[in-house]
Amino acid sequence: MTFSQILLVVLFVTRAVSEVEAQNFTAERQQMVKEIDAMVAATERATGVAKLDERVREAMSVVPRHEFVPAPARSSAYRNRPLPIGKGQTISQPFIVALMTELLQLEKTGKVLEVGTGSGYQAAILSLLARDVYTIEIVPSLAKAAQATLGRLGYGNVHTSVGDGYLGWPEQAPFDAIIVTAAPDHIPPELVKQLRTGGKMVIPVGTSRQELMVLTKNANGTTSMRTVAPVTFVPLTR
Ligand code: SAH
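Throughout what follows, the structure given in this document is the object of discussion. Per chain, residue numbering runs from 1 following the sequence as it is written. Local features in this predicted model are restricted to residues of pLDDT 70 or higher, and side-chain atom pairs are both shown and tallied only at a pLDDT of 80 or more, whereas totals for entire chains, interfaces and linings draw on every residue. Hydrogens and water are ignored here; the side-chain numbers use all heavy atoms of the structure.

Turning next to the nonpolar core. Joining through side-chain atoms within 4.5 Å is the link that ties buried Ala, Val, Leu, Ile, Met, Phe, Trp, Tyr and Cys residues into a set, and such a set is a nonpolar core. Per-residue accessibility, obtained with a 1.4 Å probe over protein chains only, is compared with the maximum for each type, and a residue is labelled buried under 20%, exposed over 50%, and partly exposed between these values. With 52 residues, the main nonpolar core has I36, M60, F68, L103, Y121, I125 and L212 as its most contacted residues. Sorting elements by how many residues they give to this core places helix α4 (residues 94-104) first, with 8 residues. Only heavy atoms matter for contacts: two residues are in contact if any of them lie within 4.5 Å across the pair. When neighbours within four sequence positions are excluded, F68 is seen to be in contact with V63, I85, I91, S119, G120, Y121, A124, T149, L150, L153 and Y155. Ranked by size, the runner-up nonpolar core spans 20 residues in total, among them A182, V192, M213 and L236. In DSSP terms, a helix is any run of H or I states spanning at least four residues, a strand is any run of E spanning at least two, and both are numbered starting from the N terminus.

Think of it this way: a Phe, Tyr or Trp ring, Trp meaning its six-membered ring, pairs with another when their centres are within 6.5 Å, and the plane angle makes it stacked under 30 degrees, edge-to-face over 60, tilted otherwise. This model, assessed by the stated rule, comprises 4 aromatic pairs. Measuring from centroid to centroid gives 5.6 Å for F25 and Y78, while their planes differ by 55°, and the two rings are tilted. Placement of F25 in helix α1 (residues 3-42) and of Y78 in the loop between α3 (54-62) and β1 (83-86) is noted, with a sequence separation of 53 residues between them. For F25, a relative accessible area of 9% gives the class buried. Judged by relative accessible area, Y78 falls into the buried class, the value being 4%. Here the aromatic rings of F68 and Y121 are separated by 5.8 Å at their centres, their planes lie at 65°, and the arrangement is edge-to-face. Remark: Y121 occurs in helix α5 (residues 121-127) and F68 occurs in the loop between α3 and β1; sequence separation between them is 53 residues. Overall, the relative accessible area of 5% leaves F68 in the buried class. Residue classification places Y121 among the buried residues on the basis of a relative accessible area of 1%. Here the aromatic cluster, defined as three or more aromatic residues joined through ring pairs, consists of Y134, W169 and F175. In this scheme, the term charge over a ring applies when either NZ of a lysine or CZ of an arginine sits within 6 Å of the ring centre and within 35 degrees of the ring normal. The ring of Y121 carries R65 above its face, with NZ or CZ at 5.7 Å from the centroid. The positively charged end of R238 is found above the aromatic ring belonging to Y166, 3.7 Å away from the centroid.

We now examine helix α6 (residues 140-152). Side chains three or four residues apart in an α-helix point the same way, a direct result of the helix having 3.6 residues per turn. What a helix should span is 1.5 Å times the count of its residues minus one. Under the 1.5 Å per step criterion, the end-to-end length of α6 is 18 Å for 13 residues, consistent within 8% with the ideal 18 Å. Inspection of α6 places L142, A143, A146, T149 and L150 among the buried residues, and these make up the whole buried set. Down the axis of α6, the sector holding all buried residues measures 130°, keeping them to one side. Exposed residues on α6 whose side chains face more than 90 degrees from its buried face are P140, K144, G151 and R152. Turning to α6, the residues buried within the fold contact β1, β2 (89-91), α5, β4 (132-137) and β5 (158-162). Positive backbone phi, at 85°, marks G154, one or two positions downstream of α6. Think of the arc as the fan of directions from the helix axis to the C-beta atoms.

Below, the structure is given as structure tokens:
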């Protein structure tokens, strides 16, 4: 065989392998969505969510989670569980991502704030359901990696920033929805201020025991709170 023939064979095999891989991931992603559906149905009594909105389901079916996890974890990317993303942080369990997204009740014209960019996966899901996503990460290397991934995959309506998300993003307020993906021990008052009237904030609150909460900002300036489910998130650091 000549060198160019060998090269052709290598190219062919590489392409065949990556095609199979891509197909497998599509199938695995569909399987993941089915598992999420089952978990949503099984937890309805606690969460009040019987079924995912079709748009949320669609977003979960198309965003390539394997692109957001470190290479060694790729083969586990579509298991319904959290995965390490480095710096002691984790990408949330897909069921939790879907549930939190559902609870935000996003509109395509809306502006969302995420605190805790992590891998950027949740931001990518949000970007398909809102006009603009503003996401803040306190660990610079994670923010940089997430920004690169989101850019490479073409999620152009996600705006990233490095900083303390406890303080929100006042220049871009008010937000139609706010999602916090690290747990503070109390609701950050600045985030409530930056939420528009009628908007929802979905946030895990607590230290050793955390509860996922939905806060709604009412017209008279008061807030209503609902406890959804016990959860485990990394702490919100200051
Ligand atoms: N939403 C992420 C997962 C979040 S893990 C994803 O889809 O991958 C929680 C993230 O919150 C971590 O990356 C952590 O570094 C970050 N974090 C913790 N405290 C923070 C703070 N005060 N402001 C912004 N980000 C914070």
